[in-house]
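# Understanding the architecture of this molecule
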Amino acid sequence: MSQPIELTKITIIQEDTANKIRRAYIGDFEQPVYYGVHGGVKQFYGVQPEVEYPSTLDHIVAAAGG
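Reference entry: report on the structure contained in this document. All figures in this text were calculated on a predicted structure; none of them were measured in a lab.

## What to know about the overall build of the chain
A count of helices and strands for the chain gives two helices and three strands. Counting helices and strands in the order they occur from the N terminus, the chain gives β-β-β-α-α. Computed over the C-alpha atoms, the radius of gyration of the chain is 14 Å, more than 25% above the 11 Å expected from 2.2 N^0.38 for a compact globule of 66 residues. Taking the principal axes of its C-alpha atoms as reference, the chain extends roughly 45 × 25 × 15 Å. Accessible area of the chain: about 5,400 Å², with a carbon and sulfur share of 56%. On the chain, the mean spot of the 5 positive side-chain charges and the mean spot of the 8 negative ones are 7 Å from each other.

Here it is, written out as structure tokens:
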């Protein structure tokens, strides 16, 4: 069995629960990636965020598209 080529440490901080905004610090990158809601996701949660960010689902779909 092969060995993993990368193990990534990720820290997620919930910034604003009402607006679903989260900061993710990934590996050794200094700048966070912001997650939030927009479009149908914001409608699902019933929120009107001041700033819209991609949802985690957007990033999963983008990663799968590779």
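Resuming the write-up.
## Remarks on the pairing of strand β1 (residues 10-16)
Strand direction decides the pairing type here: β1 and strand β2 (residues 21-26), joined by six bridges, are antiparallel. What sits directly across from Gln14, in β2, is Arg22. Counting the residues between successive antiparallel strands, the hairpin from β1 to β2 contains four residues, one of them, Lys20, with a positive phi of roughly 65 degrees.

## Brief notes about the side chain of Asn19
Structurally, Asn19 is set in the loop between β1 and β2. When residues no more than four places from it in sequence are discounted, the contact partners of Asn19 are Val37, Gln48, Pro49 and Glu50.

## Brief notes about the packing of aromatic side chains
The tally for this structure, following the rule as stated, stands at two aromatic pairs. Ring geometry for Tyr34 against Tyr53: centres 5.3 Å apart, planes inclined by 20 degrees, an arrangement best described as stacked. Here Tyr34, found in strand β3 (residues 33-35), pairs with Tyr53, found in the loop between α1 (39-45) and α2 (56-65); they are 19 residues apart in sequence, far enough to count as distant. Of the residues examined, Tyr53 reaches a relative accessible area of 23% and is grouped as partly exposed. Pairing Phe44 with Tyr45 gives two aromatic rings, centres 5.2 Å apart and planes at 85 degrees, and the pair type is edge-to-face.

Analysis parameters
Residues numbered from 1 in each chain as written. Predicted model: local features only at pLDDT ≥ 70, side-chain atom pairs only at ≥ 80, totals over all residues. Heavy atoms only, no water. Helix = DSSP H or I, 4+ residues; strand = E, 2+ residues; numbered from the N terminus. Rg over C-alpha atoms; globule rule 2.2 N^0.38 Å. Areas by Shrake-Rupley, 256 points an atom, 1.4 Å probe, with all protein chains shown as cover. Lys, Arg positive; Asp, Glu negative; His and termini not counted. Charge placed at Lys NZ, Arg CZ, Asp CG, Glu CD. Pairing = 2+ DSSP bridges. Contact = heavy atoms within 4.5 Å. Phe/Tyr/Trp six-rings, centres within 6.5 Å; stacked < 30°, edge-to-face > 60°. Buried < 20%, exposed > 50% of the residue type's maximum accessible area, 1.4 Å probe, protein only.

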